[in-house]
Amino acid sequence: MRRRARCRRSPPGIFLAPLSHQESNMSSTQSLLLPYQMRDVSLTNRVVMAPLTRSRARNRDLLPTDLHIDYYAQRASAGLIISEGVWISRDAVGWHDVPGLFTDEQVAHWKQVTDAVHLAGGVIFAQLWHTGSASHPDFFDGRPPLAPSAVNPGLLAPTSTGRKPTVEPRAMSAHDLRQTVADYATAARNAMAAGFDGVQLQAGFNYLISQFLNPRTNLRTDHYGGSIENRARFLFEIIEAVGEFVDLRRVGVKAGPAWSETGEFVSGVEALADSEYVLGRLNDYELSHLLLMGMMVDSTGGPLEDLAGDGMFRHFRKVYQGTVMANVGFDQHRGNAILSDGLADLVAYGQPFIANPDLPARIASHAPLAEPKKDLFYGPDAAGYTDYPLLEG
């Protein structure tokens, strides 16, 4: 049953009085280690494992494997794990060796992963992903990928034989649009059947939903193009469709103005106002959370200059009224500070979780962090994936 919020409301977590930075550095009172109630999901701490593409599904059927079971179970001490992006359909594929969530066999294999995480006391959401024009014909037997419009985004697609320039995609027909919205809903239903505690929609960076939001990659003249109200229609139709199968209190969205700033994804003068509209409209739904990424490039002199550093979270904290999950560039000190300052409710860590499966324990004891092996981020095996030692080991 679809659920909507009747009005805007204050962030749904536990209220924190601001802590001094000295207090934040004490393990017993670190904001990162306090529990949080995210709608009806109880989190033991505010340290979130961000979605991380790791390319370990090295099989034709795009199934998670025993490596995935070990990897996610090792990191179950996170307050919340958000899985790597998983494909909602065969048409969504755009990165080599990433698992899907659109077949019964994939669901069964993911069930083994979620069971292991739950046995270890963790909470895990699935991120639902469609790459759109960021994909490559190599994934579709030579056919170009689907996208809002026939606009080459000017990116590099990570194929099994290396990164290759994107091509002009196929503009989605009305049937393609309806089918893709239905694919998101089916994948969400599959996620719950697989034992996930909720889902997150990948509506950020330079993937399909962002391609609809971006006026340079969306040149449509129908109800899905033109004004930001029209360009955002696709996202909100997906939310509505997913809400038919998953309680929206367990549906999050990753969105915001922080694009890759490459190719056709360079922020224009409309970027801030467009994002204010989209994130403001998310308040119409009683969603689980918003994952908001900070700027990943130098924004000096650009239209998003004022969003550098904590400016992103300071600005959109006043726009989105639900749980805000801050991401990009956070260490222990900055994570505690942004929570204590009330600019976010949760902090998502990416690379620190790759090399530190017990990251919350390291935060609690102020232990040094291991450095990830960047040459092993994307496979092929356990090396650089499940072989990082725990703190006590």
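What counts, and where the lines are drawn
Residues numbered from 1 in each chain as written. Predicted model: local features only at pLDDT ≥ 70, side-chain atom pairs only at ≥ 80, totals over all residues. Heavy atoms only, no water. Helix = DSSP H or I, 4+ residues; strand = E, 2+ residues; numbered from the N terminus. Rg over C-alpha atoms; globule rule 2.2 N^0.38 Å. Buried < 20%, exposed > 50% of the residue type's maximum accessible area, 1.4 Å probe, protein only. Contact = heavy atoms within 4.5 Å. Areas by Shrake-Rupley, 256 points an atom, 1.4 Å probe, with all protein chains shown as cover. Lys, Arg positive; Asp, Glu negative; His and termini not counted. Charge placed at Lys NZ, Arg CZ, Asp CG, Glu CD. Pairing = 2+ DSSP bridges. Axes fitted to C-alpha atoms, helices over the stretch in contact; angles between N-to-C directions. 1 Å grid on protein atoms, 1.4 Å probe; cavity = no way out; pocket = protein on both sides within 12 Å on 5 of 7 lines; lining within 4 Å. Points joined across faces, edges and corners; volume = space filled by probe spheres on them. Nonpolar A, V, L, I, M, F, W, Y, C, P; charged D, E, K, R; others polar. Salt bridge = Lys/Arg side-chain N within 4 Å of Asp/Glu carboxyl O. Phe/Tyr/Trp six-rings, centres within 6.5 Å; stacked < 30°, edge-to-face > 60°. Core = buried A, V, L, I, M, F, W, Y, C linked by side-chain atoms within 4.5 Å. Right-handed = clockwise from strand over helix to strand, strands pointing away. Parallel < 35°, antiparallel > 145°, perpendicular 65-115°, else oblique. Left-handed = near helix turned anticlockwise from the far one by under 90°.

Considerations on the overall build of the protein
Here's step 1: The helix and strand tally for the protein stands at 12 helices and 14 strands.
Here's step 2: On C-alpha atoms alone, the protein measures out to a radius of gyration of 20 Å, which is about the 21 Å that the 2.2 N^0.38 rule sets for 393 residues.
Here's step 3: C-alpha atoms of the protein, sized along the principal axes, occupy 55 × 45 × 45 Å.
Here's step 4: Every one of the 393 residues in the protein was classed for burial, and the buried ones make up 58%.
Here's step 5: Look at the contacts in the protein between residues 6 or more apart in sequence, and 72% of them connect residues 24 or more apart.
Here's step 6: Carbon and sulfur atoms make up 53% of the accessible area of the protein, which amounts to about 15,100 Å² in all.
Here's step 7: The protein carries 36 positive and 43 negative side-chain charges, and their two centres are separated by 4 Å.

Concerning the sheet that holds strand β12 (residues 289-293)
Here's step 1: Spatially, 8 strands are ordered β3-β4-β5-β10-β11-β12-β13-β14 in a closed barrel, and the strand pairing comes out parallel. Along the sheet, successive strands turn relative to each other by an average axial angle of 25 degrees, direction set aside.
Here's step 2: The pairing of strand β5 (residues 124-129) with strand β10 (residues 198-202) spans 4 bridges and is parallel. Paired with Q127 across the two strands is Q200, which belongs to β10.

Regarding the layout of surface pockets
Here's step 1: Approximately 990 Å³ is the volume found for the largest pocket.
Here's step 2: Lining the largest pocket we find 38 residues, and of these P51, F205, K254, M293 and Y378 sit closest to its centre.
Here's step 3: Counting residues per element, the ones that place at least two in the lining of the largest pocket are β5, β7 (156-159), β14 (346-349) and α11 (351-355).
Here's step 4: When residues in the lining of the largest pocket are grouped by element, the largest group, 3 residues, is from α11.
Here's step 5: Residues that form the lining of the largest pocket fall into these classes: 22 nonpolar, 13 polar and 3 charged.
Here's step 6: What the second largest pocket holds in volume is close to 350 Å³.
Here's step 7: Forming the walls of the second largest pocket are 18 residues, and the residues nearest its centre are L62, R90, V93, D138 and F139.
Here's step 8: Residues belonging to the lining of the second largest pocket are distributed by class as follows: 8 nonpolar, 4 polar and 6 charged.

Comments concerning the environment of P360
Here's step 1: Tracing the backbone shows P360 in helix α12 (residues 359-365).
Here's step 2: For P360, a relative accessible area of 8% translates into the label buried.
Here's step 3: For the pair P360 and R75, spaced 285 residues apart in sequence, the C-alpha to C-alpha distance is 9.3 Å.
Here's step 4: In contact with P360, other than residues within four places in its own chain, are L33, N45, V47, S77, A78 and F353.

Digging into the pattern of salt bridges
Here's step 1: Per the counting criterion, the structure on display carries 14 salt bridges.
Here's step 2: D61 is paired through a salt bridge with R60; the nearest N and O atoms lie 3.9 Å apart.
Here's step 3: Classification of D61 as partly exposed rests on a relative accessible area of 33%.
Here's step 4: The partner of R362 in a salt bridge is D358, and the shortest N-O contact between them spans 3.0 Å.
Here's step 5: Classification of D358 by relative accessible area gives buried; the value is 7%.

Looking at the packing of aromatic side chains
Here's step 1: A full pass over the atoms with the stated rule returns 14 aromatic pairs.
Here's step 2: Both rings, one in Y71 and one in Y72, keep their centres 5.0 Å apart while their planes meet at 75 degrees; by these two values the pair is edge-to-face. There is no split in this pair, since Y71 and Y72 are both buried.
Here's step 3: An angle of 55 degrees between the planes, with centres 6.2 Å apart, marks the rings of Y72 and W110 as tilted. Here Y72 is found in helix α2 (residues 66-74), whereas its partner W110 is found in helix α3 (residues 104-119), with 38 residues between them in sequence. As far as burial versus exposure is concerned, Y72 and W110 are alike and both buried.

Let's talk about the nonpolar core
Here's step 1: Core analysis: the biggest nonpolar cluster contains 115 residues, and L101, L128, L201, F234 and I239 have the highest contact counts within it.
Here's step 2: Ignoring anything within four residues of it in the chain, the contact list for L101 reads V86, W87, Q106, V107, W110, A126, L128, A187, N190, A191, A194 and F196.

Focus on the pairing of strand β11 (residues 251-254)
Here's step 1: Burial along β11 is two-sided: the face carrying V251 and V253 and the face carrying G252 and K254 are both buried.
Here's step 2: For β10 and β11, the ladder comprises 4 bridges, and the chain directions are parallel. Along β11, the bridge assignment pairs V199 with V251.
Here's step 3: Examined bridge by bridge, β11 and β12 share 3 bridges and lie parallel to one another. Bridging from a neighbouring strand, K254 pairs with L291 of β12.
Here's step 4: Once you follow β11 into helix α8 (residues 271-281) and on to β12, the crossover reads as right-handed.

Section: α2
Here's step 1: Regarding α2, the residues found buried are H68, I69, Y71 and Y72.
Here's step 2: Tucked into the core, α2 has its buried residues touching β3 (47-49), β4 (80-87), α3 and β5.

Here's the deal with the packing of helix α4 (residues 174-193) against helix α7 (residues 233-242)
Here's step 1: For the pair α4 and α7, interaxial distance at closest approach is 8 Å and the crossing angle is 40 degrees. By the angle between their directions, the pair α4 and α7 is classed as oblique. Like other packed secondary-structure pairs, α4 and α7 cross with a definite hand, here right-handed. The segment α4 lies against α7, with L177, T180, V181, Y184, A185 and A188 engaging F234, E237, I238, A241 and V242.

Keep in mind these numbers describe shape, not what the thing actually does.
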